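Architecture and fold: a report
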Amino acid sequence: MKGNSGEVGIYFLNGENPNAPPIENFSDLISYAEKLPGVKLVKSTANGGELNPNQLNSDIKQNNLKKIVLAGDSPGFYKTLFGKAMAAAGNDPEDVVVASFREHGAITADETDRAKAVLNCAVSNVPFEIAAVPDEVEVNPDTLVIGGGIAGIQASLEIADANKKVYLVERTGTIGGHMAMFDKTFPTLDCAACILTPKMVEVGQHPNIELMSYCEVKGVSGGPGNYKVRILKKARKVNIATCIGCGTCAEKCPGKAPSEFDAGTTMRKAIYIPFPQAVPNKYLVDAESCTYIQSGGKKCGLCMKVCPVPDCINLDEKDEEIEVTVGNIIAATGFKVFDAKRAEQFGYGKFPNVVTSLEFERLVNAAGPTGGFITSRTQDKKGNWVFSAGGDEPKSVALIHCIGSRDENYNKYCSRVCCMYSLKLAHLIKEKIPEADVHEYYIDMRAFGKGYEEFYERIKSEGVHLVRGRTAKVEEANGRLLVRSEDITADKLLEQEVDMVVLAVGLEPREDAGETAKMLDISVSEDGWYVEANSNTGPVDTFTGGIYVTGLCQGPKDIPDTVAQASAAASRVLQSISNGKIKKSIKDLPLSTIEAKVKELSTREGGAS
Amino acid sequence: MSERKRVDPNLMKEVKHYGAGDWNACFHCGNCTATCPLTEQDSLFPRKGIRTMQMGLKDKLAGSVEPWMCYYCGDCSTTCPRDANPGEIMMSLRRYLTSVYDWTGLSGKLYKSKALHIMVVTIIFFTIIAAFLIFARVPDLNSAEVSNYLSEMGASVPLNKFAPPDLISLLDHIQLIVIGLFLLTNIFNMYNKVILKDKTVKIPLWLYIKEIGAAFWNFISQWKFSKCERKTYWLSHWLIMSSYIIMFSFIIFFLGWFQTDKIHPISHPQRWLGYYVTFGLIFACVYYFIGRFRKKEQIFKFSHHSDWIFIFLLFMIAVTGILIHISRISGMVNMTYYMYALHLAFEVPMVFTFVAFSKWSHLAYRPFAIYLSNLKKSAKARMAKT
């Protein structure tokens, strides 16, 4: 058999390839590699040694190597180089095997055992997928979906429509998520609510979906096929079953807080429905802004008095915890937008008419703070800067891309949606105020999806000034805003006076994404997004059996991609339910089991040849 | 337009020797240029400089004055989305340009090799010490001549008998002429690359005279630097520069007035100017030293060996200078001689390695670059009118 007679060379390439995992106990891994059967040479370029073809060639000849294992090189950047060196030494260039740690789940620093297993398989010519096969167990046919945004909605509907039970847990008072806040979708310019709300209603009415709004998952125990999930039912203080949604309570309620749905551009009452199309379309009480609760029950309590339904509102209601048992869990926990205040140079929070794209999205929406009129913020009687329908229309607007994205100071990654939604917003401004000057500042225009490039061309033809060059700062001048950038294609320093600046804020993992990941026992990438088992072949799986990731929590993506991914996660769940069995977690498989399996397979193979 | 530009694919590699940074990181977003308070429509930097370098346009880079327009406040680097450190690139380009102007090639060697620079400084240092040991004669305090001299001066240390100002002044002038010749020829080289080789602009003679005033004013005040947002940088830079200039003119032009055995009253300008200069140099050196050591502020995050050697020598010159003064006042005769020898042993390598070939030369190049850039701007504006 090839490579089992002391002729294997192992090259560790962690230093060469930044995508390789940062294995913590590297020296342990190296000594393990040296002890593997047939290994003659172990070299590490972890300290940045340059790969030199001549050196490789002499390595191969000196040690009479017949096979080379490239450890940590994912997805095989250097395979060609080593293949050539092998061919030059008179060997088969195909005898270069990649031991990809990342591909097989050795992603975080503490996964040395997994890295060892992967290495063992590669040295012994046994595919990892064959050596590392977890046992199967029976699966509970119920499913938990965490998060009620478009990803959670889509996944829930797919499973429920296949006649399987779904628990959909949503943290806020309504499902809908970020998509419900958007005015239009790109590139089709469909009304976002018109697509989303029918789906929301379907979720609310579906006999197979148990919608648990205003609830949070607090703990997960058990294993694949049989997870016990503790769910906190936060006190809504309004009885969902009896509330008729008349609104009398909110009319009288004195407590106020910024509306989450309007991205803080309007105020809502302490007892409120998040937005008119909310599902469930029932009131809830926000304890933080409720006078009664904040005063310990001494003041107010008006809502309980005016409510026409007896015993519907109970401000003294307490949180309770329930437990459900499910076979599979889909995490669709979503994202938060970048806090624009962190990038001080753009003046968000300092200048009232520097707004985030999410705020602007609400501003252009017909159900937004001005009924859909684009106006600058003006001071009200109390001196607060607010959007009002009577405000001045901005004559010129600047849209600045990549706020908090593609920036080493904040997030290195591209948030993927900002270019397109900024183009969409530019279009909406032109549509509502045709004479307005719209200036858009971008680093690179990433119009990558189906119909996106065409959309970009269309916006260009609408007379939007597209400037290649990142804005460096926004200042105030002559009562207007001064946007400073370099137009790198025209070699010009631009100082553009505008009335309003829209910051295309990027997308970030939620603050508690890490805690949720710990609860679900799934990995989190350096950026904080959930890690899928394999970006090519397992885009919704995790290394924990029965747990899937979908939507933004796995990484920035647009609505079409999110919906597609949600359907994919649902299909994985349905697959296991249909089989009645599910594989246990690959990460629970001990190294010794894999080693034994490798030994068994390689001796059997060796005997045959 | 038909002018052919030669592309040097190794230019980036070459410039890398002059500083730190992964300059391929730059994705040309223009953030640095738009952040910079000094950049102007006709002279955009730092991004264009990085582009020129990345494209290997060696001649264009050699003829560009933009690196000298930057005073390095570091704002571009702190906000750079790629951590490409444009501020340090500008600094490295200044080092590179210094070596480009220098026809002897010594500058590049000193910049590229820390060992060489330290070695040259050390050799000169010990040569001076040796020269003192061999040639200096310690005056006999008991001799009639010396004691008469001392009582006449009202002094207790006959330093000028140990190191006669006339002789030192002569040596100073020789040093000035030698180093000055190198510096002047290098400046001419710069003028050649920036103005003479640029065929797109013709500068009438009267413009040269007209622009001198503005250039001189900027030199004295460092007015351009004061436009940067952080004023402490301008202040510390101005302190070190003004102190140096005053000290320089004392030594070169007024050594006889400056180096006296007679102890003047404190109100005498020789004393308080001397104190100002010493304070300015020591304060600035300590400020830079702490900054470079702590690496907290952007501009101090990367230090080239020339930066360290420069601060060290300058600091030692200032410290030994004030120690000469103190030991002379307190009548410590031998201590005065030792300090004087050390003072010169630090001063000569400083002048020799830095003035024409390294960091110090920016004292000449930068104002000259600003002058040339203004010339070009005015000339272009005139051409645009006609």
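This one's a predicted model, so the numbers in the text were calculated from it and none came from an experiment.

**Details of the overall build of chain A**
Per the secondary structure count, chain A includes 16 helices and 30 strands. Its C-alpha atoms give chain A principal-axis dimensions of roughly 85 × 65 × 40 Å. In chain A, which comprises 609 residues, the proportion classed as buried is 50%. Long-range contacts, defined as pairs at least 24 residues apart, comprise 70% of the intrachain contacts of chain A with a sequence gap of at least 6.

**Observations regarding the interface of chain B and chain A**
Facing the 16 residues of chain B at the interface are 17 residues of chain A. In terms of residue class, the side of chain B that touches chain A is made up of 5 nonpolar, 8 polar and 3 charged.

**So, unusual backbone geometry**
Residue and element names in this part refer to chain A. Between Phe-186 and the following residue, Pro-187, the backbone shows a cis peptide bond with an omega angle of -5°. With respect to the secondary-structure elements, Pro-187 resides in the loop between β7 (166-169) and α7 (192-205). Between Val-279 and Pro-280 the backbone carries a cis peptide bond, its omega angle lying at 0°. Tracing the chain through its elements places Pro-280 in the loop between β13 (271-272) and β14 (284-285). Positive phi, close to 70°, is recorded for Asn-163, a residue that is not glycine. Given 11 C-beta atoms within 10 Å, Asn-163 falls into the exposed group. We note that Leu-189 has phi near 60°; this positive angle belongs to a residue other than glycine. If you trace the backbone, Leu-189 turns up in the loop between β7 and α7.

**Structural notes on the domain arrangement of chain A**
Each assigned domain of chain A is listed with its residue range as follows: domain 1 (8-132 + 591-608), domain 2 (143-234 + 319-334 + 510-583), domain 3 (248-306) and domain 4 (337-508). Using C-alpha coordinates to define each centre, domain 1 of chain A is positioned 37 Å away from domain 2 of chain A.

**Re the packing of helix α11 (residues 357-364) of chain A against helix α12 (residues 418-432) of chain A**
Residue and element names in this part refer to chain A. Where α11 contacts α12, the two axes come as close as 11 Å, and the packing angle between them is 35°. Helix-helix and strand crossings are classified by hand; for α11 and α12 the assignment is left-handed. Counted together, Ser-357, Phe-360 and Val-364 of α11 and Tyr-421, Ser-422, Leu-425, Leu-428 and Lys-432 of α12 form the full contact between these two elements. Tallied by class, residues from the contact of α11 with α12 come to 5 nonpolar, 2 polar and 1 charged.

**Re the pairing of strand β3 (residues 67-71) of chain A**
Residue and element names in this part refer to chain A. When you tally the buried positions in β3, you get 5 out of 5 residues, the bulk of the element. Summarising the sheet, strand β1 (residues 8-12) and β3 pair through 5 bridges and their orientation is parallel. Residue Tyr-11 lies in a different strand from β3, and its bridge partner there is Leu-70. Sheet topology places β3 next to strand β4 (residues 96-99); 4 bridges connect them, and they run parallel. Bridge pairing in β4 links Ile-68 to Val-96.

**Some thoughts on helix α20 (residues 362-385) of chain B**
In an α-helix, one full turn covers 3.6 residues, which means residues spaced three or four apart are oriented alike. Residues and elements named next belong to chain B. When the terminal C-alpha atoms of α20 are compared, their 34 Å separation across 24 residues agrees well with the 34 Å that a helix rising 1.5 Å per residue should span. Among the residues making up α20, those that are buried are Tyr-365, Arg-366, Ala-369, Ile-370, Tyr-371, Leu-372, Ser-373, Leu-375 and Lys-376. Against the buried residues of α20 lie α5 (66-69), α7 (86-101), α12 (165-196), α13 (205-210) and α14 (212-221).

**A look at the sheet that holds strand β15 (residues 320-326) of chain A**
All names here are of chain A. Spatially, the 3 strands line up as an open sheet ordered β9-β10-β15, and their pairing is antiparallel. Where the open sheet ends on each side, the last strands, each with one partner, are β9 (215-223) and β15. Within this sheet the neighbouring strands show an average axis-to-axis angle of 20°, counted without direction. Sheet analysis places strand β10 (residues 226-233) next to β15, joined by 7 bridges and oriented antiparallel. Counterpart to Lys-228 in the pairing with β15 is Thr-325.

Criteria and cut-off values
Position labels on residues start from 1 in each chain and follow its written sequence. Throughout, the order in which chains and ligands are written sets their labels, letters from A for the former and numbers from 1 for the latter. Local features are withheld for residues below a pLDDT of 70 in this predicted model, meaning they are given only at 70 or higher, and side-chain atom pairs are given and counted only at 80 or more; totals for whole chains, interfaces and linings count all residues. The numbering of helices and of strands both runs from the N terminus, where a helix is a DSSP run of H or I of at least 4 residues and a strand a run of E of at least 2. With C-beta atoms placed from the backbone, a residue counts as buried when 20 or more other C-beta atoms lie within 10 Å of its own, as exposed when 12 or fewer do, and as partly exposed for counts between those limits. For every residue pair, C-beta atoms are placed from the backbone, and the pair is scored as a contact if these atoms sit within 7 Å. When residues are grouped by polarity, Ala, Val, Leu, Ile, Met, Phe, Trp, Tyr, Cys and Pro land in nonpolar, Asp, Glu, Lys and Arg in charged, and all others, Gly among them, in polar. Domain ranges listed in this record stem from an automatic or a database domain assignment. Lines are fitted to the C-alpha atoms to define the axes, a helix being fitted only along its stretch in contact, and any angle between axes, read from their N-to-C directions, falls within 0 to 180 degrees. It is the rotation of the near helix from the far one that decides the hand of a crossing: anticlockwise by less than a right angle makes it left-handed, clockwise makes it right-handed. When DSSP finds at least two bridges between two strands, those strands are taken to pair. What a helix should span is 1.5 Å times the count of its residues minus one.

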